[in-house]
Every structure is written in C-alpha cells, then in structure tokens.
Amino acid sequence: MKWSECALVLLLGLGSTMAIASPAERGEAVHREKGCDACHGERGASVAPDQFPHLSGQYASYLEHALRGYRDGSRRHAVMNQMAADLSDREIRELAAFYAAQSGLVTAPRGHPRRDQRSTTR
C-alpha cells in the first residue's frame, strides 16, 4: 500500500469516528437548534423555575413520554405543543438522553429520611 493510500484510510477512519456522537451529544445540539435553551436554560437548568421546569437530571423515559404527549396533543400546553410538533422520534430520544445525562434531579429512595420528611415551615 502506498503512503498516500495509507493516509487516506487513516483520515477516513478518523473522520468516521469523530462523526459518531452519543444520543446525549446529539440531544445537546437539538436542544440548541430547537431553542429549548431559551426557557429550559443551559443544559436543562431552567432560567425561571417558577415558569419553566428544570429538565436536567430528569428520567429519560418520562421526558420521552412527555414530549410525545406534547407532540400528539394528548398533553396540553400551548407553547410545548408547538415546540414538540416537528420533533422526530429520534430527536425526542436524543433530547431525553441529553437532559437525563445532566446532573440535577436527585430523588432519595423510598424509606430514606429525606424523602419522607415533610416540611413544617411554609
């Protein structure tokens, strides 16, 4: 094999491995492209938690279910129905993977004192 052929094979191999991204990495791109960051913030940490939920650290299965519901109209929210209307199944999976991969949601297991505590101050 000639040197130029070896170089070409090497470059093609590097290019193909660089093009492979995880669903979470692709989801980050979708997050930005679709404008999700405008309300749900950088990496899913809401810019206004009293108006827009934090998505970071949420369960992927829940997020997929919610986004499909917004897309098909079974879950109603004027803005989210429009935002999800053009999402493909793949984009929904990728967004869910991206948000789930972020730190955020921490749920104590059942029986854990922190989970079972009820706040007495209001």
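Up top is the structure.
The present account deals with the structure reproduced in this document. In this text the structure is predicted, and so the values were computed from the model without any measurement. (Residues numbered from 1 in each chain as written. Predicted model: local features only at pLDDT ≥ 70, side-chain atom pairs only at ≥ 80, totals over all residues. Heavy atoms only, no water.)

**Structural notes on the packing of aromatic side chains**
Overall, the coordinates contain one aromatic pair when judged by the stated rule. Arranged with centres 5.2 Å apart and planes meeting at 55°, the rings of Phe 98 and Tyr 99 form a pair that is tilted. Assessed through its relative accessible area of 1%, Phe 98 is described here as buried. (Phe/Tyr/Trp six-rings, centres within 6.5 Å; stacked < 30°, edge-to-face > 60°. Buried < 20%, exposed > 50% of the residue type's maximum accessible area, 1.4 Å probe, protein only.)

**Brief notes about the pattern of salt bridges**
Tallying each qualifying case throughout the model produces 10 salt bridges. With its nearest N and O atoms 2.7 Å apart, the salt bridge here joins Arg 26 to Glu 94. With Arg 26 in helix H2 (residues 23-33) and Glu 94 in helix H6 (residues 89-101), this residue pair connects regions lying 68 residues apart in the sequence. Note on Glu 94: relative accessible area 5%, which makes it buried. Glu 91 is the partner of Lys 34 in a salt bridge, and the nearest nitrogen-oxygen pair spans 3.7 Å. (Salt bridge = Lys/Arg side-chain N within 4 Å of Asp/Glu carboxyl O. Helix = DSSP H or I, 4+ residues; strand = E, 2+ residues; numbered from the N terminus.)

**Quick look at the environment of Tyr 99**
Its location among the elements puts Tyr 99 in helix H6. Put simply, Tyr 99 and Gly 57 are 42 residues apart on the chain and 5.9 Å apart in space, counted from C-alpha to C-alpha. If near-sequence neighbours (up to four positions away) are discounted, Tyr 99 is found in contact with His 31, Cys 36, Gly 44, Leu 55, Ser 56, Gly 57, Gln 58 and Leu 63. (Contact = heavy atoms within 4.5 Å.)

Nothing here speaks to function; it is all geometry.
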